Amino acid sequence: MKILPSSGLWLTIVRIMGASMLDHLKANNRAWAERMVCVDADFFRRLERQQAPEYLWIGCSASRVPANEIVGLDPGELFVHRNVANLAPPQDANYLSVLQFAVEILKVKHILVVGHYGCSGVSASVDGKRRGLVDHWLHPIREVYHEHRDVLDAIPDWSDRLDSLCELNVIRQVRNVASDVFVQEAWARGQDLRLHGWVYSLANGLVTDLDVTLERLGYQRKLAPHPEAKTDANRLD
Ligand SMILES: [Zn+2]
C-alpha cells in the first residue's frame, strides 16, 4: 500500500516543481518587460490607463499562430479570442461574451476571423477518429464539409482538400458573427463595424484575405429576402 503525502506536502512539491520548471519563462518575461521600457519608457503606464483596440481577432488556439505578431500590433491594440479551429458558435457563452464586450464596450471597428492552413482541428473534424469532447466542438466543421462535399471531394489531394475546408470554415464563421444579435444591433445603431475572413499560412507567415468582408449595408441587403424567394435568403457563398 502506498502512503500518499498530505495535501499540504503535495502543494509544496508542486510549488517547487513549478518554480524550477518555469524559471526560463519568468526570465524571458523580465527581459521582455525591460526591452519594452527601453524602447518606450511610458509603455506600461499608458497600457494600464486604457484599452482601446480597434480589432477583435477570432483565431485558432494553435501555438504557431501568434495573433499580435502576425499583424505587427502591440499589446492593447488587438482584442483576442481563440479556440480550437477558430469557431464562432452561437451557443458558446465564452465567445459570445467576448463578442459582446468587443462590440458594445470596446466598440471595435473590425472583427477578423482568422483560420490557418494545416489546422489540426479542421483535420480532426473529418478524419474519422474519435477523440471525445472535441468531436462535439468540431461538429460545425463537419457540417461545412457536408454542405460543400461535391466541391471538396473533387480535390484529389487530401491536404489541399483540408486547406479548402479551412477557408470554407472561416467563411461560415464570418457568417455566424454577422448574424449574431450583438452585431446586428450594432449595425442597426449605425456603428462602424466590418467583418473579415482571413487564412494564415504557416509555410510563409502570410495571411490571405478571403474577400468576404461584410459591413452593415451589404449584409442587410443579403438578409432581406427577395419577395419571391422561398428559402436560403441568408447564404453568403
Ligand atoms: Zn488550428
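Heads up: the structure comes first, above all this text.
Residues numbered from 1 in each chain as written. Predicted model: local features only at pLDDT ≥ 70, side-chain atom pairs only at ≥ 80, totals over all residues. Heavy atoms only, no water.

Draft legend 1. Structural context of the overall build of the protein. When you go through the protein residue by residue, the secondary structure sums to 12 helices and 5 strands. When the 237 residues of the protein are sorted by exposure, 36% land in the buried category. Taking all contacts inside the protein whose residues are at least 6 apart in sequence as the whole, residues at least 24 apart take part in 62%. Only carbon and sulfur atoms are counted for the fraction: they give 55% of the accessible area of the protein, which is about 14,400 Å². (Helix = DSSP H or I, 4+ residues; strand = E, 2+ residues; numbered from the N terminus. Buried < 20%, exposed > 50% of the residue type's maximum accessible area, 1.4 Å probe, protein only. Contact = heavy atoms within 4.5 Å. Areas by Shrake-Rupley, 256 points an atom, 1.4 Å probe, with all protein chains shown as cover.)

Draft legend 2. Focus on the sheet that holds strand E1 (residues 55-60). An order of E2-E1-E3-E4-E5 is seen for the 5 strands of this open sheet, with the pairing classed as mixed. Bordering the open sheet on either side are strand E2 (78-83) and strand E5 (207-209), each of which pairs with just one other strand. Pairs of neighbouring strands in the sheet enclose a mean axial angle of 25°, with direction left out of account. Where strand E3 (residues 110-116) lies against strand E4 (residues 194-200), 7 bridges are found, and the strand directions are parallel. Residue pairing across strands places Val114 opposite Trp198, the latter belonging to E4. (Pairing = 2+ DSSP bridges. Axes fitted to C-alpha atoms, helices over the stretch in contact; angles between N-to-C directions.)

Draft legend 3. Region of interest: a nonpolar patch on the surface. A surface patch of nonpolar side chains, amounting to about 290 Å² of accessible area, comprises Met21, Leu22 and Leu25. Structurally, the position occupied by Met21 is in helix H1 (residues 7-21). By relative accessible area, Met21 is classed as exposed at 53%. (Patch = residues over 30% accessible without salt bridge, like charges linked within 9 Å, V, L, I, M, F, W, Y side chains within 5 Å. Salt bridge = Lys/Arg side-chain N within 4 Å of Asp/Glu carboxyl O.)

Draft legend 4. Looking closely at the nonpolar core. Core analysis: the biggest nonpolar cluster contains 30 residues, and Leu56, Leu99, Ile111, Val177, Val183, Leu193 and Leu195 have the highest contact counts within it. When contributions to this core are tallied by element, the ones reaching two or more residues are E1, helix H5 (93-106), E3, helix H10 (158-179), helix H11 (181-188) and E4. Looking at this core, the element that brings in the most residues is H5, giving 7 residues. Not counting residues up to four positions away in its chain, the partners in contact with Leu195 are Ile111, Val174, Val177, Ala178, Val183, Trp187, Val212, Thr213 and Leu214. (Core = buried A, V, L, I, M, F, W, Y, C linked by side-chain atoms within 4.5 Å.)

Draft legend 5. A look at the coordination of the zinc ion. For the zinc ion, the full set of protein donor atoms is Cys60 (SG), His116 (NE2) and Cys119 (SG), at a range of 2.0 to 2.3 Å. Read in sequence order, the donor residues coordinating the zinc ion give the pattern C-x55-H-x2-C. Of this pair, Cys60 sits in strand E1 while His116 is found in strand E3, placing the two residues 56 residues apart along the sequence. Judged by its relative accessible area of 2%, His116 is buried. (Donors = N, O, S within 2.8 Å, 3.2 Å for Na, K, Ca; no water.)

Draft legend 6. Spotlight on H10. The end-to-end C-alpha distance of H10 is 31 Å, a good match for the 32 Å that 22 residues give at a rise of 1.5 Å each. Counting buried residues along H10, 16 of its 22 residues qualify, which places the element largely inside the surrounding structure. Of the residues that open H10, the one with a side-chain oxygen 3.1 Å from the backbone nitrogen of Ser159 is Asp157. (Expected span 1.5 Å × (residues − 1). Polar contact = N/O pair within 3.5 Å; in protein donor to acceptor, adjacent residues only side chain to side chain.)

Draft legend 7. Spotlight on the environment of Gln173. Residue position: Gln173 is located in helix H10. Of the residues examined, Gln173 reaches a relative accessible area of 2% and is grouped as buried. When the C-alpha atoms of Gln173 and Pro89 are compared, they prove to be 7.7 Å apart, with 84 residues separating the residues in sequence. Residue contacts for Gln173: discarding those within four places in its chain leaves Asn86, Leu87, Ala88, Pro89 and Val113.

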